[in-house]
Amino acid sequence: MSGTCLVVVDVQNDFMPGGALAVPRGDEIVPLVNRLEARFENVVLTQDWHPRGHISFASSHPGKKPFETIELSYGTQVLWPDHCVQGTAGAALHFELNLAKAHLVIRKGHHAGIDSYSAFLEADRTTPTGLAGYLRERKLDKLYVCGLATDFCVAWTALDARAAGFDTTVIEDACRAIDLDGSLARAWQEMQGTGVKRIGSAELKR
Ligand code: VGL
Ligand code: ZN
């Protein structure tokens, strides 16, 4: 339906069980995401796409371990295992993901010194990815968001979508979370507090 777009966040090998930054049961969403994609005319994907030595990698900060945090000029940064390095198999989209309607793939996190969970704005909160402009130009103002991980890239994408004025809904069962120290509950609280809608795929009436 025109006006509506499915945003599929970071369904990439490194976020699958066995991957460098595995999201528990992340692989389970792939068949559901494919069924959802079949019901939308417009689909945009995101792909976490870091250069080697990216600032979000613990390995870039001597003495630091994955899942610790550091303070950067733009705020607190969680440090991750090296993941989604440009051109590697881990950065590739899951091979079963249906890409027939993937009109646009937004690659994010490609600046060496800035992370980007959100598909709209990088972690400095000022560098835009261009997605808002694309969606506005195509008059797609109602967004359904799914993918990995609920509490990081999905949540930041949904929050920024809402802040940019898009009608935004997260399809909960088409997402899986990392859940680091309560991050999942906090993410839902924040999303629901700003008017992001939360539904199950069964409620999707389209
Ligand atoms: C993600 C942590 C680091 C995500 C990406 O896709 O949620 N999380 N990079
Ligand atoms: Zn990343």
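Computed from a predicted model, the values in this text were never measured in an experiment. (Residues numbered from 1 in each chain as written. Chains lettered and ligands numbered in written order. Predicted model: local features only at pLDDT ≥ 70, side-chain atom pairs only at ≥ 80, totals over all residues. Heavy atoms only, no water.)

Colleague: Quick one: what's the story with the packing of aromatic side chains, residue by residue and with numbers?
Modeller: Following the criterion strictly, the structure yields seven aromatic pairs and no others. Centre to centre, the rings of Phe67 and Trp80 are 5.8 Å apart; their planes meet at 90 degrees, and the pair counts as edge-to-face. Of this pair, Phe67 sits in the loop between strand E2 (43-48) and strand E3 (69-72) while Trp80 sits in the loop between strand E4 (75-78) and strand E5 (102-108), and the two are 13 residues apart along the sequence. Exposure remark for Phe67: the relative accessible area of 40% places this residue in the partly exposed category. The buried category is assigned to Trp80, whose relative accessible area is 2%. Pairing Trp80 with Phe152 gives two aromatic rings, centres 5.0 Å apart and planes at 90 degrees, and the pair type is edge-to-face. Placement of the pair is Trp80 in the loop between E4 and E5 and Phe152 in helix H3 (residues 150-163), with a sequence separation of 72 residues. Aromatic rings pair up to connect Phe67, Trp80, Tyr117, Phe152 and Trp156 into one cluster. Positioned above the aromatic ring of Trp49, the side-chain terminus of Arg107 is 3.9 Å from the ring centre. (Phe/Tyr/Trp six-rings, centres within 6.5 Å; stacked < 30°, edge-to-face > 60°. Helix = DSSP H or I, 4+ residues; strand = E, 2+ residues; numbered from the N terminus. Buried < 20%, exposed > 50% of the residue type's maximum accessible area, 1.4 Å probe, protein only. Lys NZ or Arg CZ within 6 Å of the ring centre and 35° of its normal.)

Colleague: Which residues make up the pairing of strand E6 (residues 142-148), and what values do they have?
Modeller: Counting buried positions along E6 gives six out of seven residues, so the element sits mostly inside the fold. Where strand E1 (residues 4-9) and E6 come together, six bridges link them in parallel fashion. Across the sheet, Leu6 pairs through a bridge with Tyr144, a residue of E6. Across six bridges, the pairing between E6 and strand E7 (residues 167-176) is parallel. Considered in E7, the bridge of Gly147 is made with Cys175. Since E6 and E7 lie parallel, the crossover through H3 that links them has a hand, and here it is right-handed. (Pairing = 2+ DSSP bridges. Right-handed = clockwise from strand over helix to strand, strands pointing away.)

Colleague: Lay out the pattern of salt bridges in plain terms, naming residues and giving numbers.
Modeller: Applying the stated criterion across every chain, the model contains nine salt bridges. In this structure, Arg25 engages Glu28 in a salt bridge whose closest nitrogen and oxygen atoms are separated by 3.1 Å. A residue is classified by how much of its surface remains accessible, and Glu28, at 38% relative accessible area, is partly exposed. Notably, a salt bridge pairs Glu172 with Arg198, separated by 2.8 Å at the nearest N-O pair. (Salt bridge = Lys/Arg side-chain N within 4 Å of Asp/Glu carboxyl O.)

Colleague: Residues and numbers for the nonpolar core, please.
Modeller: Counting residues in each nonpolar core, the largest one holds 60 residues, and the members touching the most others are Leu6, Phe120, Leu135, Val170 and Met191. Of the residues forming this core, the biggest block, seven residues, is contributed by H3. Not counting residues within four places of it along the chain, the set of residues in contact with Met191 comprises Thr150, Ala155, Ala158, Leu159, Val170 and Val196. (Core = buried A, V, L, I, M, F, W, Y, C linked by side-chain atoms within 4.5 Å. Contact = heavy atoms within 4.5 Å.)

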